[in-house]
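Each chain, letter by letter, is given below.
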2 protein chains.
Amino acid sequence: MNESINLLLNHRSIRQFEDRPLSKEQIEMIVSCAQSASTSSFIQAYSIIGVTDKEKKKKLAKIAGEQSYVAENGHFFVFCADLYRHEIIGEMENKRVIPSIESTEKFMVTLIDTALAAQNAAIAAESMGLGICYIGGLRYDLEAVCDLLHIPSRVLPLFGLAVGYPAKMTEKKPRLPINHIYHENEYRSNREENEQQLQVYNEIISDYYIERTQGKRKDTWTSQMAGMLEKQSRMYMNDFVQKSGLNRK
Amino acid sequence: MNESINLLLNHRSIRQFEDRPLSKEQIEMIVSCAQSASTSSFIQAYSIIGVTDKEKKKKLAKIAGEQSYVAENGHFFVFCADLYRHEIIGEMENKRVIPSIESTEKFMVTLIDTALAAQNAAIAAESMGLGICYIGGLRYDLEAVCDLLHIPSRVLPLFGLAVGYPAKMTEKKPRLPINHIYHENEYRSNREENEQQLQVYNEIISDYYIERTQGKRKDTWTSQMAGMLEKQSRMYMNDFVQKSGLNRK
């Protein structure tokens, strides 16, 4: 097993950081690594906002549902899907690009581009001995995030990435068994087979919680997921994204 | 600079592979690394289909716009956003999860989850000395991809990942300058500043092409992008995604 694979397999989210900022060199290296990821047709459809202003970080922590590690970390990045500069390009080149920019296809492109870049940033940070945590909680109120960070239309903040020196390690939760995630030549959609696989995984997850909490907690994965999905969360998103000028048709 | 950062910075897409299949162990390690990526609220909302059937690979190559390296590689993965198993979970747990599953918010979650996993897979492969190329071209005809791979509703193939032993190296194109991608505390949306930055980058890209083609080619980035975006490509996507049971509201 090589060093990079070891790093990937040992990922865990860190939610408590030392009070020690990243250096300019570290930040630039993380961003350079992000930019080295593949990008669809070289579109480079994302931007990254580094937030160092303490008041802004506190406000973002509040938006994210009072997550202290959004404010307290070594550096906080906000990853944004971005087709704003492509709108400018359309005007510069006098080409009609808005229908493309507003399409669901390009919405998917910009989301995927941004996520690939972010994952490179995460791995770069971890390879330096730093810890990371993705902050999807920014999506509780994207309008507030956009106001706070002066984000224009055609740009959509997707998530934050808190980075810093780990103050407390966490455990790695067992993922779905590989035969559940990985298919060969065709998707195995048989419902009974899927339910059986989920029962197997439920036991793995229950055992994990029982062991970690000395028997106090024994949720299954399916109960966690059903509970989470039953709550209709962030249902404003469809309207908000369209108002931002993306995913319109 | 550590080994992993060196790997990230040296990424380039490979479009010509040796005729040498990946081993089962390599494939499983790549998938395990994919699964080690962060996942939003532990939702694990993706599946990966490995395609080894030669006829299916040929058909996928055709769908992707006659890209030979979709058929000829060491292994071909199709990464799918997947909320199908979460629909099953809703039934198992007797919870009303469909409004969540059909929301734009969860569409974004599943796209981001899938892309984070895919980028881990890409890096794992590259760390083994393999080359990779993302294949967004599958999105030319997702209905055909779904038919070929028996993909059910609530599952959306996003892109392929061709992996294999590189037969021909490619060059790395210079990315947008860091000050164009990276902002501090607020997004710099000033149009004039953006246009100036784009002109600077245009010169970088022109110089790159001129040098690489002995002066035969000298496109700018803005002309490439405007040309690409002027073509309204894959405009069926909005309807198709909604028909698949995602991004509906």
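Position labels on residues start from 1 in each chain and follow its written sequence. The naming scheme follows written order: chains are lettered A onward, ligands numbered 1 onward. With pLDDT at 70 or above as the cut-off, local features in this predicted model cover only qualifying residues; side-chain atom pairs require 80 or more to be listed or tallied, and sums for whole chains, interfaces and linings still use all residues. Values shown for side chains rest on all heavy atoms present in the structure; no hydrogens or waters enter the calculation.

**Structural notes on the overall build of chain A**
Heads up, the condition is: Elements are defined by DSSP. Helices are runs of H or I of four residues or more, strands are runs of E of two residues or more, and each kind is numbered from the N terminus. To sort residues, take the accessible area from a 1.4 Å probe on protein chains only and compare it with the maximum for the residue type: under 20% means buried, over 50% means exposed, and anything in between is partly exposed. When checking whether two residues touch, look at their non-hydrogen atoms; a contact exists if any pair is within 4.5 Å. Here the open area of atoms and residues is found with the Shrake-Rupley method and a 1.4 Å probe, where only the protein chains shown may cover a residue. The positive count covers Lys and Arg only, the negative count covers Asp and Glu only, and His and the chain ends enter neither. Taken as the charge location is NZ of Lys, CZ of Arg, CG of Asp or CD of Glu.
Per the secondary structure count, chain A includes 12 helices and five strands. For chain A, the spread of C-alpha atoms along the principal axes amounts to about 60 × 50 × 40 Å. In chain A, which comprises 249 residues, the proportion classed as buried is 60%. When contacts within chain A are restricted to residue pairs at least 6 apart in sequence, those whose partners lie at least 24 apart make up 79%. Accessible area for chain A stands at about 9,900 Å²; split by element, carbon and sulfur atoms hold 45% of it. Taking the 31 positively charged and 32 negatively charged side chains of chain A as two groups, their mean positions are separated by 4 Å.

**Things to note about the sheet that holds strand 1 (residues 46-51) of chain A**
How we decide: One requirement defines pairing of two strands: DSSP has to find at least two bridges between them. Under this scheme, a helix contributes an axis fitted over its contacting stretch, all axes are lines through C-alpha atoms, and angles between N-to-C directions fall in the 0 to 180 degree range.
Taken together, the five strands give an open sheet; going across it, the order is 3(A)-4(A)-2(A)-1(A)-5(B), and neighbouring strands pair in mixed fashion. Only two strands of the sheet have a single partner each, and these edge strands are strand 3 (131-135) of chain A together with strand 5 (182-184) of chain B. Adjacent strand axes in the sheet meet at a mean angle of 25 degrees, parallel and antiparallel pairs treated alike. In this sheet, strand 2 (residues 75-82) of chain A lies alongside strand 1 of chain A in antiparallel orientation, the contact comprising six bridges. Pairing of Y46 of chain A across the sheet is with A81 of chain A, part of strand 2 of chain A. Packing against the sheet, helix 5 (residues 84-93) of chain A makes contact with strand 1, strand 2 and strand 4 (155-164) of chain A, and its axis sits at approximately 45 degrees to strand 2 of chain A.

**Regarding the environment of S127 of chain A**
Residues and elements named next belong to chain A. Operational definition: Definition of a polar contact: a pair of N or O atoms within 3.5 Å, with one able to donate and the other able to accept a hydrogen when the atoms are protein atoms, and with sequence-neighbouring residues admitted only if both atoms are side-chain atoms.
Checked against the element boundaries, S127 lands in helix 7 (residues 104-127). Residue classification places S127 among the buried positions, given a relative accessible area of 17%. Placed 86 residues apart in sequence, S127 and S41 show a C-alpha to C-alpha distance of 28 Å. Side-chain polar atoms of S127 contact the backbone oxygen of A124, separated by 2.8 Å.

**A short note on the interface of chain B and chain A**
Heads up, the rule is: Defined in terms of a 1.4 Å probe, buried area is the accessible area two parts forfeit on being brought together, summed over both. What counts as a salt bridge is simple: a side-chain nitrogen of Lys or Arg found within 4 Å of a carboxyl oxygen of Asp or Glu.
Contacts between the two partners involve 124 residues from chain B, matched on the other side by 124 residues from chain A. Across the chain B/chain A interface, buried area totals approximately 11,000 Å², and carbon plus sulfur atoms make up 62% of it. When the area that chain B buries against chain A is broken down by residue, the three leading residues are F42, N185 and Y187 of chain B, summing to 8%. In this structure, the connection of chain B to chain A is made through eight salt bridges.

**A word on the relation of the copies chain B and chain A**
Cut-off, in case you're wondering: Only residues with pLDDT of at least 70 in both copies count here: their C-alpha atoms drive the least-squares fit that superposes the copies.
Mapping chain B onto chain A calls for a rotation angle of 180 degrees and an axial translation of 0.0 Å; the resulting RMSD is 0.0 Å. Here the copies are linked by what is in effect a two-fold axis. A share of 100% of the interface residues of chain B reappears at the interface of chain A, consistent with the copies meeting face to face through the same patch.

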